[in-house]
Amino acid sequence: MTLRILATGGTFDKHYDELNGKLGFGESHVPALLARCRLTVDVALEQLPLMDSLDMVDADRARILASCQAAGERAIVIIHGTDTMPQTAAVLGPANLGKTIVLTGAMIPYEIANSDALFNLGFACGVAQTLAPGVYVAMNGQIFAWDNVQKNRAAGVFQPL
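Procedures and definitions
- Residues numbered from 1 in each chain as written.
- Predicted model: local features only at pLDDT ≥ 70, side-chain atom pairs only at ≥ 80, totals over all residues.
- Heavy atoms only, no water.
- Patch = residues over 30% accessible without salt bridge, like charges linked within 9 Å, V, L, I, M, F, W, Y side chains within 5 Å.
- Areas by Shrake-Rupley, 256 points an atom, 1.4 Å probe, with all protein chains shown as cover.
- Salt bridge = Lys/Arg side-chain N within 4 Å of Asp/Glu carboxyl O.
- Buried < 20%, exposed > 50% of the residue type's maximum accessible area, 1.4 Å probe, protein only.
- Core = buried A, V, L, I, M, F, W, Y, C linked by side-chain atoms within 4.5 Å.
- Helix = DSSP H or I, 4+ residues; strand = E, 2+ residues; numbered from the N terminus.
- Arc of directions from axis to C-beta.
- Contact = heavy atoms within 4.5 Å.
- UniProt positions renumbered as here; feature names shortened; annotations may be inferred.
- 1 Å grid on protein atoms, 1.4 Å probe; cavity = no way out; pocket = protein on both sides within 12 Å on 5 of 7 lines; lining within 4 Å.
- Points joined across faces, edges and corners; volume = space filled by probe spheres on them.
- Nonpolar A, V, L, I, M, F, W, Y, C, P; charged D, E, K, R; others polar.
- Pairing = 2+ DSSP bridges.
- Axes fitted to C-alpha atoms, helices over the stretch in contact; angles between N-to-C directions.

### Regarding a nonpolar patch on the surface
Taken together, the side chains of Tyr16, Leu23, Ile108 and Ile112 define a hydrophobic patch exposed on the protein surface, amounting to about 320 Å² of accessible area. Taking the relative accessible area as the measure of exposure, isoleucine 112 reaches 33% and is therefore partly exposed.

Laid out in structure tokens, this is it:
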């Protein structure tokens, strides 16, 4: 089995710029994360434009959908910003692509101490290989159906609607 990973950015892939004290995007962390995970499954990594999910528009979600449609792999993990992950899942879910698509992200950037990025990526890669075809959100050890998930901003977790 080959697993496709789509990197779209989000907090997961942000870098801290110590000169101006802000988070932004540079090179993706995903190649380093994949090496660190030591996955033994073949991985096809596709990097889309890295962005904060709050900046995503319909065209960006259409690009993600098109990448999923074009993928030959049956299992896809999408690294996505947490703020609008349910909105992207709501575009992918009704498309009924016959593939297992798992969105994941991080509340803390990978390069910051105590990040949840590595765990969430490993978890998403594992469940993408075992779940039935459909669209899911996998965050912090839980799996949610695309149409039954929301981000609880106050608690910093995902939960059912």
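Now that the structure has been shown, the text picks up again.
### Considering the nonpolar core
Soluble globular proteins tend to pack their nonpolar side chains together in the buried interior. In this structure, Leu3, Ile5, Phe12, Val30, Val77, Val102 and Leu121 are the most contacted members of the largest nonpolar core, which totals 24 residues. Contributions of two or more residues to this core are made by strand 1 (2-9), helix 1 (30-37), strand 5 (75-79), helix 4 (117-128) and strand 7 (134-139). When residues in this core are grouped by element, the largest group, 7 residues, is from helix 4.

### Here we look at helix 3 (residues 85-92)
Regarding helix 3, the residues found buried are Met85, Pro86, Thr88, Ala89 and Leu92. Axial view of helix 3: buried residues confined to an arc of 160°, hence all on one face. On the buried face of helix 3, the contacting elements are helix 2 (58-70), strand 5, strand 6 (100-104), strand 7, strand 9 (150-152) and strand 10 (157-159).

### What to know about the UniProt feature "active site" (unreviewed entry) in the protein chain
Within this numbering scheme, the UniProt entry marks Thr11 and Thr82 as carrying the feature "active site" (unreviewed entry). A maximum C-alpha distance of 7.5 Å places the annotated residues, which cover 72 residues in sequence, within one compact spot. In this structure, threonine 11 is in contact with Gly81, Ala106, Met107, Ile108, Pro109 and Tyr110, ignoring residues within four places of it in sequence. Relative to the elements of secondary structure, threonine 82 occurs in the loop between strand 5 and helix 3. Classification of threonine 82 by relative accessible area gives buried; the value is 4%. Discounting residues that sit within four places of it in the chain, threonine 82 has contacts with Ser53, Gly105, Ala106, Met107, Met139, Lys151 and Phe158.

### Details of empty space enclosed by the protein
Scanning the entire structure with this criterion turns up 1 cavity of 30 Å³ or more. If you add up the space inside the largest cavity, you get close to 40 Å³. Lining the largest cavity, in full, are Thr8, Leu48, Pro49, Met51, Met56, Asp60, Arg63 and Ile64. Listing elements by their share of the lining of the largest cavity, those giving two or more residues are strand 4 (42-51) and helix 2. Here the residues of the lining of the largest cavity are counted per class, giving 5 nonpolar, 1 polar and 2 charged.

### Considering the sheet that holds strand 8 (residues 142-145)
Where strands meet in a sheet, backbone hydrogen bonds hold them as pairs that are either parallel or antiparallel. Ordered in space as 4-1-5-6-7-8, the 6 strands form an open sheet in which the pairing is mixed. Two strands lie at the open edges of the sheet, namely strand 4 and strand 8, each paired on one side alone. Averaged over neighbouring strand pairs, the angle between their axes works out to 25° when direction is ignored. Direction of pairing for strand 7 relative to strand 8: antiparallel, over a ladder of 4 bridges. Bridging across to strand 8, tyrosine 136 finds its partner in alanine 145. Against the sheet, helix 2 makes contact with strand 1, strand 4, strand 5 and strand 6, and its axis sits at roughly 165° relative to strand 4, the strand it touches most.

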